[in-house]
Amino acid sequence: MNDQQLQEWVEQISLESFGRPFLHQARFNRRLTSTGGRYFIKSHDIEISSHQLEQFGKEDVEKIIKHELCHYHLHLLNRGYQHRDADFKALLKQVGGTRFCRSLPTAKRREPYRYKLVCTACKTEYMRKRKLDPRKYACGKCRGKLKLHTLDFK
């Protein structure tokens with residue numbers, strides 16, 4: 001499915017489920033991995049994760065589109081369009097949209113810690129997400145020198 005087909009699909013869902021036209025742009029975004037879609041307040045455009053379509057199919061993506069269209073239509077009507085608003089929750093339930101999308105497989109996600117600092121004296125280990133210069137730091141237990149190790153997750 002390409003962006004033009006997505007645009008037509010969003011326009012169709014908007015008319016059928018909301019009774020109102022979708023007058024802005026809908027497109028796929030391959031960089032969306034932790035969210036199914038997003039609505040832009042300033043431009044009123046909608047982006048949908050193409051990974052959701054590949055992994056879970058049209059049914060799940062339709063629910064994501066309905067979720068984003070709830071934001072869209074409520075925002076244009078000057079009503080509560082945020083997740084916490086009663087208007088949003090009621091409309092989402094009415095049209096059968098999903099509150100949360102399914103998680104994508106974690107194969108491409110980074111592990112939480114990429115670096116390990118090990119004290120050369122007492123062997124205490126410190127896990128870190130960001131790289132740092134071990135010469136600037138000392139062990140918190142014995143004040144010994146630290147050695148940096150890069151963790152490989154493949």
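Before reading on, note that the structure itself is shown above.
Each chain has its residues counted from 1, running along the sequence as written. The predicted nature of this model means local features are confined to residues of pLDDT at least 70 and side-chain atom pairs, given and counted, to a pLDDT of 80 or more, with totals for whole chains, interfaces and linings taken over all residues. Derived side-chain values reflect all non-hydrogen atoms in the structure, with water molecules and hydrogen atoms excluded from consideration.

Trainee: If you had to explain the sheet that holds strand 6 (residues 146-150) to someone new, which residues and values would you point to?
Mentor: Strand order across the open sheet formed by three strands is 5-4-6, with antiparallel pairing between neighbours. Each end of this open sheet is capped by a strand with a single partner; those strands are strand 5 (125-128) and strand 6. Across the sheet, the mean angle from the axis of one strand to that of its neighbour is 25 degrees, orientation sign disregarded. The criterion for strand pairing is that DSSP finds at least two bridges linking the strands in question. Numbering of helices and strands runs from the N terminus, with a helix taken as a DSSP run of H or I at least four residues long and a strand as a DSSP run of E at least two residues long. Bridge analysis of strand 4 (residues 115-119) against strand 6 gives five bridges, and the strand direction is antiparallel. Residue Val-118 lies in a different strand from strand 6, and its bridge partner there is Lys-147. Throughout, an axis means a line fitted to C-alpha atoms (over the contacting stretch in the case of helices), and angles, computed between N-to-C directions, take values from 0 to 180 degrees.

Trainee: Give a description of the nonpolar core that names residues and reports values.
Mentor: Nonpolar cores are built from buried Ala, Val, Leu, Ile, Met, Phe, Trp, Tyr and Cys residues. Side-chain atoms within 4.5 Å join them into one set. For the exposure calls, accessible area comes from a 1.4 Å probe over protein chains only, and a residue counts as buried if that area is under 20% of its type's maximum, exposed if over 50%, partly exposed in between. One finds Leu-6, Ile-48, Ile-65 and Leu-69 to be the most contacted residues of the largest nonpolar core, which totals 23 residues. The criterion used for residue contact is that any of the two residues' heavy atoms lie within 4.5 Å. Excluding its chain neighbours within four sequence positions, the residues that come into contact with Ile-48 are Leu-6, Arg-27, Phe-28, Asn-29, Leu-32, Gly-36, Gly-37, Val-61, Ile-64, Ile-65 and Glu-68.

Trainee: Any details on the sheet that holds strand 2 (residues 37-39)? Residues and values, ideally.
Mentor: Pairing in this open sheet of three strands is mixed, and the strands run 1-3-2 from one edge to the other. Among the strands making up the open sheet, the edge pair consists of strand 1 (26-29) and strand 2. Neighbour-to-neighbour, the strand axes of the sheet open up by a mean angle of 20 degrees, direction not taken into account. Pairing between strand 1 and strand 3 (residues 46-49): four bridges, direction parallel. In the strand pairing of strand 3, Ala-26 is matched with Ile-46. Contacts between helix 1 (residues 3-18) and the sheet are confined to strand 1 and strand 3, with strand 1 contributing the most and set at about 130 degrees to the helix.

Trainee: Can you tell me about the side chain of Glu-47, naming the residues and giving the values?
Mentor: Of note, Glu-47 is situated in strand 3. Reaching out from Glu-47, the side chain makes a polar contact with the side chain of Arg-27 at a distance of 3.3 Å. Side-chain atoms alone can form a polar contact between residues adjacent in sequence; in general such a contact is a pair of N or O atoms within 3.5 Å, and within protein one must be able to donate a hydrogen while the other accepts it.

Trainee: With reference to specific residues and values, describe helix 4 (residues 86-95).
Mentor: Here helix 4 has its buried residues at Phe-88, Leu-91, Leu-92 and Val-95. Each buried residue of helix 4 sits inside an arc of 100 degrees when the element is viewed along its axis, so together they form one side. Seen from the buried face of helix 4, the exposed residues on the opposite side, beyond 90 degrees, are Ala-86, Lys-93 and Gln-94. Here the buried face of helix 4 lies against helix 1 and helix 3 (58-76). Backbone geometry just after helix 4 places Gly-96 at a positive phi near 80 degrees. The arc in question is the one spanned by the directions pointing from the helix axis to the C-beta atoms.

Trainee: I'd like a description of the environment of Glu-125, backed by residues and values.
Mentor: Take Glu-125: it is sitting in strand 5. The partly exposed category is assigned to Glu-125, whose relative accessible area is 48%. Sequence separation between Glu-125 and His-73 is 52 residues, and the spatial gap between their C-alpha atoms is 52 Å. With residues near it in sequence (within four places) discarded, Glu-125 still touches Lys-116, Leu-117 and Val-118.

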